[in-house]
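Fold and geometry: a report
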Amino acid sequence: MDEEADFTRLFQEHYESVLRYAWRRVGPTDAPDIANETFRVAWEKHREIPPDRPLPWLYGTARNLIRNLIKKERRREGLLALHDVDDIGDHAVAVAARQAALTALNSLNDSDRELVLLVAWEGLDLREAAQVAGCSRAAAAMRLHRARRRLEQSLTDRSQHQPQFGESAI
């Protein structure tokens with residue numbers, strides 16, 4: 001196959017995954033731009049993309065583009081609240097559980113949260129997640145283990161200090 005056909009296949013197979021990856025991190029407004037820019041970079045650097053496992057490379061590129069976007073927005077606006085989860089309007093148990101999980105997730109530092117999301121949301125194995133995160137597999141394994149423990153502790157602490165559904169908060 002020629003380079004253009006290879007790239008077309010890469011784009012068709014992975015564009016939606018990269019778009020979803022970006023959407024979960026920056027929302028629907030910026031996600032298409034991140035996905036498009038990721039594939040522009042992929043076109044320019046197509047020889048660097050591992051042919052057998054291109055998705056971690058694409059996620060890593062998207063991650064770098066997202067970081068750049070966030071830095072740019074922080075400079076321009078002075079403040080960026082991508083992961084603001086303080087607004088709880090629904091009292092349903094499922095919403096409260098989701099809120100607790102998001103709050104716990106947001107209590108992690110950016111790099112640990114990204115590692116958890118790469119494994120949990122993107123379905124990458126530890127080797128692939130380490131590649132995207134820019135660390136060794138061993139470092140990723142340790143960071144992921146510690147992040148999961150912190151998440152569990154955060155959820156446990158939160159459930160012990162929150163009134164149960166139907167109980168008064170007073």
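The following paragraphs examine the structure supplied in this document. Just so it is clear, the structure is predicted and the values come from calculations on it, not from any experiment.

Conventions we followed
- Residues numbered from 1 in each chain as written.
- Predicted model: local features only at pLDDT ≥ 70, side-chain atom pairs only at ≥ 80, totals over all residues.
- Heavy atoms only, no water.
- Helix = DSSP H or I, 4+ residues; strand = E, 2+ residues; numbered from the N terminus.
- Contact = heavy atoms within 4.5 Å.
- Areas by Shrake-Rupley, 256 points an atom, 1.4 Å probe, with all protein chains shown as cover.
- Phe/Tyr/Trp six-rings, centres within 6.5 Å; stacked < 30°, edge-to-face > 60°.
- Buried < 20%, exposed > 50% of the residue type's maximum accessible area, 1.4 Å probe, protein only.
- Core = buried A, V, L, I, M, F, W, Y, C linked by side-chain atoms within 4.5 Å.
- Bend = angle between axes of the 7 residues up to and from the residue.
- Polar contact = N/O pair within 3.5 Å; in protein donor to acceptor, adjacent residues only side chain to side chain.

**What about the overall build of the protein?**
A tally of regular secondary structure across the protein gives seven helices and zero strands. Mapped in sequence order, the helices and strands of the protein form the string α-α-α-α-α-α-α. In the protein, 62% of the contacts between residues at least 6 apart in sequence involve partners at least 24 apart. Just so you have it, the protein exposes about 10,800 Å², and 52% of that area is on carbon and sulfur atoms.

**What about the side chain of Thr-61?**
Along the chain, Thr-61 turns up in helix 3 (residues 54-77). Excluding its chain neighbours within four sequence positions, the residues that come into contact with Thr-61 are Thr-38 and Val-41.

**Quick notes on the packing of aromatic side chains**
Working definition: an aromatic ring pair is given by the centre-to-centre distance plus the angle between the planes. Overall, the coordinates contain six aromatic pairs when judged by the stated rule. Between Phe-11 and Phe-39 the ring centres are 5.0 Å apart and the planes differ by 75°, which places this aromatic pair in the edge-to-face class. Pair noted here: Phe-11 is in helix 1 (residues 3-26) and Phe-39 is in helix 2 (residues 31-44), with a separation of 28 residues, a long-range link. Note on Phe-11: relative accessible area 34%, which makes it partly exposed.

**Side note on the nonpolar core**
Judged by nonpolar contacts, the single largest core of 40 residues is most densely connected at Val-18, Ile-34, Leu-58 and Tyr-59. Those elements that provide at least two residues to this core are helix 1, helix 2, helix 3, helix 4 (93-106), helix 5 (110-120), helix 6 (126-133) and helix 7 (137-161). Among the elements that take part in this core, helix 3 stands out by supplying nine residues, more than any other. Each residue touching Tyr-59, except ones within four places of it in the same chain, is listed here: Ser-17, Val-18, Tyr-21, Leu-118, Glu-122, Leu-124 and Val-132.

**A word on helix 1**
At His-14, helix 1 shows its largest kink, close to 50°. Regarding helix 1, the residues found buried are Phe-7, Leu-10, His-14, Tyr-15, Ser-17, Val-18, Tyr-21, Ala-22, Arg-25 and Val-26. One side-chain oxygen at the N-terminal end of helix 1 lies 3.3 Å from the backbone nitrogen of Glu-4; it belongs to Asp-2.

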